[in-house]
Each structure stands twice: as structure tokens, then as C-alpha cells.
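Residue strings, one per chain:
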Amino acid sequence: MTAMATRCHGLAMAIGCLLAAAAHAGDVRLTFPLDGHFRAGRFMPVHVVANGVAGSTLTLRARGAIPTEVIAEGGRADAVVPWLAVRDSMAETAWSDSSGNHPLDLPLHPLADGDRLVALAGGSEAEAKTLYPEQNVIAVRLDVAAALLTPTEAWEALDGVVFDAAAAARIDESQLRALLAAGTAVAVRSERRPSGTWPWKREGNLWVVRYTPRGPTGLIEPEAYLPTYGWVRGWPAQFRRQCVLACVIFAILFLAASLWRSRWRVPLVISLTVATSAAFVMWTSRQSPVLRMSGAVFIRGDGIIQEDRWSWYSTLRASDVSHPSAGLTKPVLASIQQIQTSDLRLKRQTSDEAWQFAFRLQPKIALAFVARRLNDSGAFPAGKAVARSPLDAMVDRLYPVGSDDVRVIDDAETLELRVRS
């Protein structure tokens, strides 16, 4: 009788623990506006609705994707967030909070090379198929009652989108630029040509604008690190000049104190040395050990200027670093292992702030990012042209277009253009 009571007590405790864990885990529901379709190297939107999350953040993670941290103020969240797939297979999907990891069974469908994913906001499947008549078109309908394509970068997986006139009126210029920068064909069912200077073309009953991005479209591009091979990673020149100036001032003061004929000479020399050393330690400890190299590549085609602004980060000592994710910004990795070794993740501090990539770098390790945007000016920015650039080797490999259609800026501050030969 005692053994039976013990077993019942143990079973009751186990059930109680499971129920408590389930209650503590909170209620989290994930839905996919694109029906779970995704393409490696591109963002996809995920609608996160959560209640009772432990802590202030919820992290969406999977093997084969970069984690996204979602703000859960008061343990609650209701937002569409971008999730970046790195490869075609995504496994071990889960969400986590301060209470632990919670596995999920999500209906994810990788897109094949011949598939074209087209969203419909008032458009029809027949119109979607006219955008890609020779390929397998997968049409998904958007909820036109909700905010359309917000945040826009989260919808990068789309190959096309078809709007009716009412839906198109809700898309602003910045969203159109972001869609085109992602390579998404934009079609509008309208009698009149849409406003603006973009190269709209009439295709049946649709006005269509397309742009095929030049340069890297995937996340794994080892050649993107060619500019870092000759990078001398040390303290900036301004800091070194300040150090030399400080040493000169200390030497003058030290010499003056040592020549002072007084019984206070030795204490003064010692005090000066100790004070200078303490000040130097405090000053250097406040200097950021993070190093950043930047440059931009401009490509002209079809009356559109594509700007790819590159940033490379390194550090003199182990440091936590962040890079703003303004518009269509993505990391470019030498290997998929960099996600784990750098603890790379997409996050934001509050629901009102912009997204940013957060990561941790070890010395002598670099991490690259590229931000892509378009403008319809058709003209390169003005600047002084010089012969060579550290970015040339990367441009030759990743941007195989005519030399007259490429300009390179080594540093966004100098605006010196390199004409690729």
C-alpha cells in the first residue's frame, strides 16, 4: 500500500511539474504570412503573438537561421519580425525566454531554384503567373486589412508582388525601394502609370517594375573578406598621435621635475609618474577597441543606381559589437560557423527602435555587413577618381559587370571614387 502511494505521489509530482513548466513557458503562437515558404539568404516574415513570456525578450531560433530577438514588454508581444535563413534546411526550430528553450513544429518550405513566390494584395493568381510565365509560381494572399509589407525588409523572400490600385496606394516610396533592392518585381493593376521616375513597363493589364540586383545575394561569400587581408588592425592614427603628444608632455614635465633643486624633487617625480600612469590607464580603457572599415560600391543599370555599402568590423580585444540594420542590411559570412562563434543575432532594444545585428568578436576576427539600396537618379555621386582601391579585388569577384558601370568608394567620409579598370 505504501509503495502504491509512493508511486501515485511521484506521478502526481511529475504531472504537476509538467503543468507548471507549460504554464511558465507562456503562450506563444507563430504564423507565417508567406505560408512558411522561405529562401536561403533572405529574410522571411514571422508573426509572433506571445503572452506570459518569462523575461523581456523572446528569441526565435533554428539550426540554419540567424536568431531573432523579439521584444516582449510585460511578457507580451504582437509583431511581424524578420527571420533570416542561412541555408535551405532549417531544423530544431524553437523559441526561448529566460525560462529555457521551447521546441516548435513549424511548417517551413524551402523554395527551389525554379520556384517564384508572389504575394497578392488584391491581385489574382493569373496575374501572378504573368510575372514569371516559364517558372513555377507559388501565390500567397496577403491580409489587406493588416499593415502591408511591414517591416519591408522582412518580406525579402518574395520574388514578386501584385497590387490592385487601392493596395498600391498604401505602399510608400521607401517600401518600393526596399522591394526592388531585394529583387522583388512589383506589379500594379491600374489604368494609369504609377507616379515616380522608376522604369515602369506595361505588361497586359499590369504596370510592372523590376530590378535584378548585382553582386552577392547569398550570406556565405568568403571573397567578401578580400579587403580585410591587408587590414592593419591597430589603434587609429589619431589615437597614436595623441599618445605621442602625451608622452612628449610627460617627458618635458619629468625632465623639469628631475632638474628641480629641492628636497621635494623625488616625491614630485614619483607623484608625477604615478599620476600620469593612472591617467593613461583610465584614458586608454575608455577607448573603443572596435575597428571598422567601410566602403561603398555603386552599380548603374536600367536607369537605376544600386548602392552596396560595406562595413567590416574587427577588434583589438574581445568586445560586444552592434551594426544597425537600416533597410535591407545583412551579414556576409565566410562560413556558417561564424553565427555560433560570434553569437550573431538580430535584435532591437525597444519596439520603437530600429533593428540591429548584435555579435561578439574576438581579436583578429572580422565580420562583414552589406546594406543595399536603390535610387532612380541614374547618375553616380560626384567625387575625385583615383586609380586603385583595396576593394577592387572583391569587386572583381562579386560584381561581374562592365567597368563603366561600377564605382567604388573606399570610405564614406572621403567620397573618393575608384574607377574599376
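Residues numbered from 1 in each chain as written. Predicted model: local features only at pLDDT ≥ 70, side-chain atom pairs only at ≥ 80, totals over all residues. Heavy atoms only, no water.

## Here's the deal with the side chain of Gln 175
Going by this rule: Strands are runs of DSSP state E lasting at least two residues, helices are runs of H or I lasting at least four, and both sets are numbered from the N terminus onward. Partly exposed describes any residue whose relative accessible area lies between the buried limit of under 20% and the exposed limit of over 50%, with all areas from a 1.4 Å probe on protein chains only and scaled to the type maximum. Only heavy atoms enter the contact rule, under which two residues are in contact if any of them lie within 4.5 Å.
Mapped onto the secondary structure, Gln 175 falls in helix α4 (residues 173–181). By relative accessible area, which is 8% here, Gln 175 ends up buried. With residues up to four places along the chain from it excluded, the contact list for Gln 175 reads Leu 148, Leu 149, Thr 150, Thr 152 and Arg 170.

## Describing the sheet that holds strand β1 (residues 27–31)
Applied cut-off: We treat two strands as partners when DSSP finds at least two bridges between them.
One open sheet accounts for four strands, arranged β1-β3-β7-β5; its pairing is antiparallel. At either margin of the open sheet sits one strand with a lone partner, and together these are β1 and β5 (65–66).

## Observations concerning the side chain of Asp 159
Convention followed: Polar contact criterion, stated in full: a pair of N or O atoms within 3.5 Å, where within protein one must be able to donate a hydrogen and the other to accept it, and residues adjacent in sequence count only if both atoms are side-chain atoms.
Mapped onto the elements of the fold, Asp 159 is located in the loop between β12 (136–141) and β13 (160–164). There is a polar contact of 2.9 Å between the side chain of Asp 159 and the side chain of Arg 39. Leave out the neighbours within four places in its chain, and Asp 159 touches Arg 39, Arg 42, Asp 115, Arg 116, Leu 117, Tyr 132, Gly 183, Thr 184 and Ala 185.

## Comments concerning the sheet that holds β12
Condition: For helices, the fitted axis covers only the stretch in contact; all axes are lines through C-alpha atoms, and the angles between them, taken along N-to-C directions, range from 0 to 180 degrees.
Across the sheet, which stays open at both edges, the six strands sit in the order β12-β11-β13-β14-β16-β15 with mixed pairing between neighbours. Two strands bound the open sheet, and with one partner strand each, they are β12 and β15 (201–203). With strand direction ignored, the average angle separating the axes of adjacent strands in the sheet is 25 degrees. Where strand β11 (residues 115–121) lies against β13, four bridges are found, and the strand directions are parallel. For Ala 121, the partnering residue across the bridge sits in β13 and is Phe 163. Relative to strand β14 (residues 185–189), α4 is tilted by about 130 degrees, and along the sheet it contacts β13, β14 and β16 (206–209).

## Some thoughts on unusual backbone geometry
For the bond running from Thr 150 to Pro 151, omega is -10 degrees, close enough to zero to count as cis. Tracing the chain through its elements places Pro 151 in the loop between β12 and β13. In the Ramachandran plot, Leu 149 falls in the positive-phi region, its phi being about 50 degrees despite a non-glycine side chain. Relative to the assigned elements, Leu 149 resides in the loop between β12 and β13. In this structure, Asp 343 takes a positive phi of about 50 degrees despite not being glycine.

## Quick notes on the packing of aromatic side chains
The line we're drawing: Two rings from Phe, Tyr or Trp (for Trp, the six-membered ring) form a pair when their centres sit within 6.5 Å of each other. Planes less than 30 degrees apart are called stacked, planes more than 60 degrees apart edge-to-face, and all others tilted.
Applying the stated criterion to the full structure yields five aromatic pairs. With a centroid separation of 5.8 Å and an interplanar angle of 65 degrees, the aromatic rings of Tyr 313 and Phe 359 are classed as edge-to-face. Of this pair, Tyr 313 sits in strand β18 (residues 304–315) while Phe 359 sits in strand β22 (residues 356–361), and the two are 46 residues apart along the sequence. In this pair, the class of Tyr 313 matches that of Phe 359, namely buried. Summarising the aromatic geometry, the rings of Phe 359 and Phe 369 are spaced 5.4 Å apart at their centres and angled 35 degrees between planes, so their arrangement reads as tilted. Here Phe 359, found in strand β22, pairs with Phe 369, found in strand β23 (residues 367–375); they are ten residues apart in sequence, far enough to count as distant. Each member of the pair, Phe 359 as well as Phe 369, carries the same accessibility label: buried.

## Structural notes on the environment of Ile 365
Mapped onto the elements of the fold, Ile 365 is located in the loop between β22 and β23. What makes Ile 365 partly exposed here is its relative accessible area of 42%. Distance from Ile 365 to Tyr 313, taken between C-alpha atoms, is 8.2 Å for residues 52 residues apart in sequence.

## Describing a nonpolar patch on the surface
The following threshold applies: Patch membership requires over 30% relative accessible area and the absence of a salt bridge. Like charges are linked within 9 Å, and nonpolar side chains (Val, Leu, Ile, Met, Phe, Trp, Tyr) within 5 Å. Where accessible areas are quoted, they stem from the Shrake-Rupley method and a 1.4 Å probe; at the residue level, only the protein chains shown are allowed to cover. A side-chain nitrogen of Lys or Arg and a carboxyl oxygen of Asp or Glu constitute a salt bridge if their distance falls within 4 Å.
Together, Val 244, Val 248 and Ile 252 make up a nonpolar patch on the protein surface, roughly 270 Å² of accessible area in all. As for its placement among the helices and strands, Val 244 is situated in helix α5 (residues 237–258).

## Some details on the pairing of β12
Pairing analysis gives six bridges linking β11 to β12, with the strands arranged parallel. Within β12, the residue paired with Arg 116 across the bridge is Val 137.

## A closer look at the nonpolar core
Note the following rule: Throughout this description, the term nonpolar core refers to a set of buried Ala, Val, Leu, Ile, Met, Phe, Trp, Tyr and Cys residues connected via side-chain atoms within 4.5 Å.
In terms of nonpolar packing, the biggest core is built from 93 residues, with Trp 83 and Trp 310 touching the most fellow members. Apart from residues lying up to four places away in sequence, Trp 310 is in contact with Pro 216, Ala 224, Met 293, Ser 294, Gly 295, Val 297, Val 332, Phe 369, Val 370, Met 394, Leu 398 and Tyr 399. Ranked by size, the runner-up nonpolar core spans eleven residues in total, among them Leu 120, Ala 128, Ala 185 and Leu 206.

## Some words on α4
Those residues of α4 that sit buried are Gln 175, Leu 176, Ala 178, Leu 179, Leu 180 and Ala 181. Considering only its buried residues, α4 is in contact with β13, β14, β16, β20 (328–332) and β23. Backbone geometry just after α4 places Gly 183 at a positive phi near 85 degrees.

## Brief notes about the environment of Leu 104
With respect to the element layout, Leu 104 can be found in the loop between β9 (100–103) and β10 (109–110). For Leu 104, a relative accessible area of 23% puts it in the partly exposed group. Once the C-alpha coordinates of Leu 104 and Arg 61 are considered, the two residues, 43 residues apart in sequence, prove to be 9.9 Å apart. Excluding residues that lie within four positions of it along the chain, Leu 104 makes contacts with Leu 30, Thr 93, Ala 94 and Trp 95.

## Description of the pattern of salt bridges
Inspection of the entire model under this criterion finds 14 salt bridges. The partner of Arg 177 in a salt bridge is Glu 173, and the shortest N-O contact between them spans 3.4 Å. Placement of the pair is Arg 177 and Glu 173 together in helix α4, with a separation of four residues, close to one helical turn. The exposure class assigned to Arg 177 is partly exposed, which follows from its relative accessible area of 26%.

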